[in-house]
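# Per-entry structural report
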Amino acid sequence: MIILTKDMNKPDIQNAKHIEFVGLPGSGKTHLLKRLSRKNKKTKLTPSKIKCGETKYLIKLKKRNIRWTYYFIPKILQRKLAKKYYNIRFNREETEALIQFVEKYKPFLQLISDILYKKDVRDVFLSIRKFETIIIDYILSQSYMDDNEIILFDEGFVQKIVGLHLTAGITYCNLKEYINKSPMPKLIIHVDAPVELAHQRLNKRGWPAWLPTKNNLSKWQLLSQTKEKIDSICDLYSNNNVPIITIQNEHISKEYISKKFYEIEHLTFDSTRKHTRQ
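## A short note on unusual backbone geometry
- Even without being glycine, N65 reaches a positive phi, approximately 60°.
- Looking at the element boundaries, N65 is found in the loop between α2 (48-63) and α3 (75-86).
- The class for N65 is exposed, based on a relative accessible area of 67%.
- Positive phi, normally seen in glycine, also occurs at N241, with a value near 65°.
- In this fold, N241 is placed in the loop between α10 (216-239) and β5 (244-248).

If you want it as structure tokens, here you go:
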């Protein structure tokens, strides 16, 4: 069954169901997201980029009045089509998604404008671009959802706080206001990796171009400060009754993932909200 509003072009963002990952750059969020999305049991966990690409393809089929054909496509091919269509611009639908988000979360966007006010022009434009992508993914991924489906974001609104801290800086008051005004996730998965591990991985695969520091010492200090900031972020979300599961990146084994997946299923469907850290 698909969750849609009376207007078939607008998703039900009031009751949106999504899980967000948060952690240091290079902590393994995307890798873990992919592993969890393959372990579907009673929960259908879908990465946001896959769901967004699937939505775009369904929009294309709907325009041709052949949307029903999608459900006869093999799952493997559906996933390939979703990956392909995620990177294709749908200007009208993406613009409508941005407008809908603005109408729903205007105070949140005003806060972002205030945070970025008088910041370096480079940081402002990079942040705006990132938020635009997150907003479009958030709205489009909610458009065609099964009843038991939950969307996974490795780069969502929670992780974006980390990006704001790294590029523009964010005060404690801004942080609390950001959490209260932004879309609230159903669950947060905190991928906790040591600074040494994140630093090593980023040196190997390459550091994000938007990081404000260049030398290794500054990068190490920045990661250390960010790790402390993430702990504060998780505590604030926990105070807002959002359950949090912390996964230690150093212990990612099949048994460990299975145990954590059970916790994720339990917290996702159990009405009891609690902050779980192990």
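## Let's talk about a nonpolar patch on the surface
- The grouping of I66, W68, Y71 and F72 at the surface amounts to a nonpolar patch, some 500 Å² of accessible area in total.
- Inspection of the secondary structure assignment puts I66 in the loop between α2 and α3.

## Things to note about a positive patch on the surface
- Side chains of K34, R79, K80 and K83 sit close together on the surface and give a patch of like positive charge.
- A total of three residues in the positive patch trace back to one element, the largest contributor, which is α3.
- Position of K83 relative to the elements: it lies in helix α3.

## Side note on the nonpolar core
- Counting residues in hydrophobic clusters, the biggest one holds 47 residues, and the most contacted among them are F101, F108, F157, I161, Y178 and Y237.
- It is helix α6 (residues 121-141) that provides the largest number of residues to this core, a total of eight residues.
- With near-sequence residues (within four places) excluded, Y178 lies in contact with F108, L111, I112, F131, F157, K160, I161, L164 and Y237.
- If you look at the next biggest cluster of nonpolar residues, it comprises 13 residues, including L36, I150, V191 and I245.

Conventions used here
- Residues numbered from 1 in each chain as written.
- Predicted model: local features only at pLDDT ≥ 70, side-chain atom pairs only at ≥ 80, totals over all residues.
- Heavy atoms only, no water.
- Helix = DSSP H or I, 4+ residues; strand = E, 2+ residues; numbered from the N terminus.
- Buried < 20%, exposed > 50% of the residue type's maximum accessible area, 1.4 Å probe, protein only.
- Patch = residues over 30% accessible without salt bridge, like charges linked within 9 Å, V, L, I, M, F, W, Y side chains within 5 Å.
- Areas by Shrake-Rupley, 256 points an atom, 1.4 Å probe, with all protein chains shown as cover.
- Salt bridge = Lys/Arg side-chain N within 4 Å of Asp/Glu carboxyl O.
- Lys, Arg positive; Asp, Glu negative; His and termini not counted.
- Charge placed at Lys NZ, Arg CZ, Asp CG, Glu CD.
- Core = buried A, V, L, I, M, F, W, Y, C linked by side-chain atoms within 4.5 Å.
- Contact = heavy atoms within 4.5 Å.

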